[in-house]
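Below, each chain spelled out in residue letters.
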Amino acid sequence: MRTARLRTVHPVLWAGWAALAAGAVLCVLGWYGVSGEHWAERQLPYLASCTVPGAALIVAGAVLLTHGRGALAAARVEELYGLLVAAEPAGTEDSGTAATAPLAVSGDLLMVPGGTLWHRADCPLVSGKVEAVPVDAKVLASGELGPCPICEPVEETD
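Residues numbered from 1 in each chain as written. Predicted model: local features only at pLDDT ≥ 70, side-chain atom pairs only at ≥ 80, totals over all residues. Heavy atoms only, no water.

Colleague: Teacher, can you tell me more about the overall build of the chain here?
Modeller: From N to C terminus, the chain includes 4 helices and 4 strands. When the helices and strands of the chain are listed from N to C terminus, the series reads α-α-α-β-β-β-α-β. Within the chain, the fraction of its 158 residues that count as buried is 22%. By sequence separation, contacts in the chain at least 24 residues apart represent 62% of the contacts at least 6 residues apart. Split by element, the accessible area of the chain, about 10,900 Å² in all, is 66% carbon and sulfur. (Helix = DSSP H or I, 4+ residues; strand = E, 2+ residues; numbered from the N terminus. Buried < 20%, exposed > 50% of the residue type's maximum accessible area, 1.4 Å probe, protein only. Contact = heavy atoms within 4.5 Å. Areas by Shrake-Rupley, 256 points an atom, 1.4 Å probe, with all protein chains shown as cover.)

Colleague: Hey, could you run me through the nonpolar core in this one?
Modeller: Generally speaking, soluble globular proteins have nonpolar side chains that are buried together. Judged by nonpolar contacts, Leu109, Met111, Trp118, Val135, Val139, Leu140 and Leu145 together constitute the single largest core of 7 residues. Breaking this core down by element, the ones donating at least two residues are strand 1 (109-111) and helix 4 (137-142). Counting residues in each nonpolar core, the second largest holds 6 residues, with Cys123, Val126, Ala132 and Cys148 among its members. (Core = buried A, V, L, I, M, F, W, Y, C linked by side-chain atoms within 4.5 Å.)

Colleague: I'm lost on the pairing of strand 2 (residues 117-120) in this one. Help?
Modeller: Regular strands have side chains that alternate between both faces of the sheet. Of the strand pairs in this sheet, strand 1 and strand 2 are connected by 3 bridges, and their pairing is antiparallel. For Leu109, the partnering residue across the bridge sits in strand 2 and is Arg120. In textbook terms, the turn of a hairpin is the stretch between consecutive antiparallel strands, and for strand 1 and strand 2 this stretch comprises 5 residues, one of which, Gly114, has a positive phi near 90 degrees. Here 2 bridges tie strand 2 to strand 4 (residues 146-147), and the two strands are oriented parallel to one another. Pairing of Trp118 across the sheet is with Pro147, part of strand 4. (Pairing = 2+ DSSP bridges.)

Colleague: Would you explain the environment of Cys123 in this entry?
Modeller: Inspection of the secondary structure assignment puts Cys123 in the loop between strand 2 and strand 3 (133-134). Between the C-alpha atom of Cys123 and that of Cys148, which follows or precedes it by 25 residues, the distance is 8.8 Å.

Colleague: How should I be thinking about the sheet that holds strand 3 in this particular structure?
Modeller: Strand pairing within a sheet occurs via backbone hydrogen bonds; the two strands may be parallel or antiparallel. Spatial strand order, 3-1-2-4: 4 strands in an open sheet with mixed pairing. This sheet does not close on itself; its edge strands, each paired only once, are strand 3 and strand 4. In terms of strand pairing, strand 1 meets strand 3 through 2 bridges, oriented antiparallel. Pairing of Met111 across the sheet is with Val133, part of strand 3.

Colleague: Mind showing me how you'd approach a nonpolar patch on the surface here?
Modeller: Judged by side-chain polarity, Tyr81, Leu84 and Val85 come together as a nonpolar surface patch covering roughly 370 Å² of accessible area. Inspection of the secondary structure assignment puts Val85 in helix 2 (residues 40-86). (Patch = residues over 30% accessible without salt bridge, like charges linked within 9 Å, V, L, I, M, F, W, Y side chains within 5 Å. Salt bridge = Lys/Arg side-chain N within 4 Å of Asp/Glu carboxyl O.)

Colleague: Can you help me understand the state of the cysteines in this one?
Modeller: Any covalent bond linking the sulfur atoms of two cysteines counts as a disulfide. Inspection of the entire model under this criterion finds 0 disulfides. Here Cys27 is not disulfide-linked; the sulfur of Cys50 is the nearest cysteine sulfur, at 8.8 Å. Residue classification places Cys27 among the partly exposed positions, given a relative accessible area of 22%. (Disulfide = S-S within 2.5 Å.)

Colleague: Would you take a moment to explain the side chain of His119 for this structure?
Modeller: Structurally, the position occupied by His119 is in strand 2. On the basis of relative accessibility, which here comes to 6%, the residue His119 falls in the buried class. Dropping the residues within four chain positions of it, His119 is found in contact with Asp108, Leu109, Leu110, Leu125, Val126, Cys148, Cys151 and Pro153.

Structure follows, in structure tokens:
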């Protein structure tokens, strides 16, 4: 998969480098021709035939290199995404129960001040956050907070 995409990107990069080199050669030839002429009317042909096309080739080469490197980066991102999507968690091929299990199983309930959800303590949304505080029973009873859809906490009734 990777080599097929890279093969289509490399010609663009090579064309960019070739355009840059050809443009640089034309600009040097134009400069050399202009510098050898004393009269302006004799310098114009060198400008028209070498320097202006050389500058255009340098710009085209820069555009091709930018496009080629962007395409190369996009191909690498797509490859990594394909590897990420293709990876299956261990043990899911025989049963689909692992996909429906909650991510967190702790019995401690936490909330973030100003938030709208309450979570289990090991929920990925609040684990490691120093601002997470234990849920007050009054806040739970008032209905101001809703259960987190990620960790699916269960309200404890005492």
